[in-house]
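Secondary and tertiary structure notes
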Amino acid sequence: MTEESKGPVAAEIEKRLSEALGPTYLRVINDSARHRGHAGDDGSGESHFTVEIVALQFEDMNRVERQRAVNRALGDLLKDRIHALQIKARAPSKLPE
């Protein structure tokens, strides 16, 4: 996992994905500042995120299945706390060399 300054929503994203998917790499990037004043900006500074995740569980999944697995792990956060989420999910065997 990478170390970045995290607010409570980013920390919860990392916790849920770590517990559900056991990633070998996980980076949660808060993109909210780039969307200040746009639709979905709730003023909290934690509404828009990018998740970069690599997990063995993704080996036999296509792109849509990987994104659904991430969405399932985040559950109610997507409804209540996250306005936008970009997902970059890969299996270890699919990483560029």
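Details of the structure are given in the entry above.
What comes next is a walk through the structure. The structure displayed is predicted, hence computed values, not measured ones.

Reading across from one edge, E1-E2-E3 is the order of the 3 strands in this open sheet, with mixed pairing throughout. With one partner strand each, in any of the chains shown, strand E1 (25-30) and strand E3 (84-90) form the two edges of the open sheet. Neighbouring strand axes in the sheet, compared pairwise and without regard to direction, differ in orientation by 10° on average. The sheet contact formed by strand E2 (residues 48-54) and E3 spans 7 bridges and is parallel. Looking at E3, one finds that His 48 is bridged to Ala 84. Most of the contacts of helix H1 (residues 8-21) go to E2, to which it runs at about 25°, and overall it touches E1 and E2. In the packing of helix H2 (residues 63-74) onto the sheet, the strands contacted are E2 and E3, and the crossing angle to E3 comes to about 125°.

Moving on to the side chain of His 48. Mapped onto the elements, His 48 comes out in strand E2. Engagement of the side chain of His 48 in a polar contact is seen with the side chain of Ser 47, the distance being 2.7 Å.

One recurring pattern in soluble globular proteins: nonpolar side chains tend to sit buried together. Counting residues in hydrophobic clusters, the biggest one holds 21 residues, and the most contacted among them are Ile 13, Leu 17, Ile 53, Phe 58 and Val 70. Looking at this core, the elements that each hand over two or more residues are H1, E1, E2, H2 and E3. Here the element with the most residues in this core is H1; it accounts for 5 residues. Once you skip the residues sitting within four places of it in the chain, Ile 13 turns out to touch Val 28, Phe 49, Val 51, Leu 74, Leu 77 and Ile 82.

Calculation notes
- Residues numbered from 1 in each chain as written.
- Predicted model: local features only at pLDDT ≥ 70, side-chain atom pairs only at ≥ 80, totals over all residues.
- Heavy atoms only, no water.
- Pairing = 2+ DSSP bridges.
- Helix = DSSP H or I, 4+ residues; strand = E, 2+ residues; numbered from the N terminus.
- Axes fitted to C-alpha atoms, helices over the stretch in contact; angles between N-to-C directions.
- Contact = heavy atoms within 4.5 Å.
- Polar contact = N/O pair within 3.5 Å; in protein donor to acceptor, adjacent residues only side chain to side chain.
- Core = buried A, V, L, I, M, F, W, Y, C linked by side-chain atoms within 4.5 Å.
- Buried < 20%, exposed > 50% of the residue type's maximum accessible area, 1.4 Å probe, protein only.

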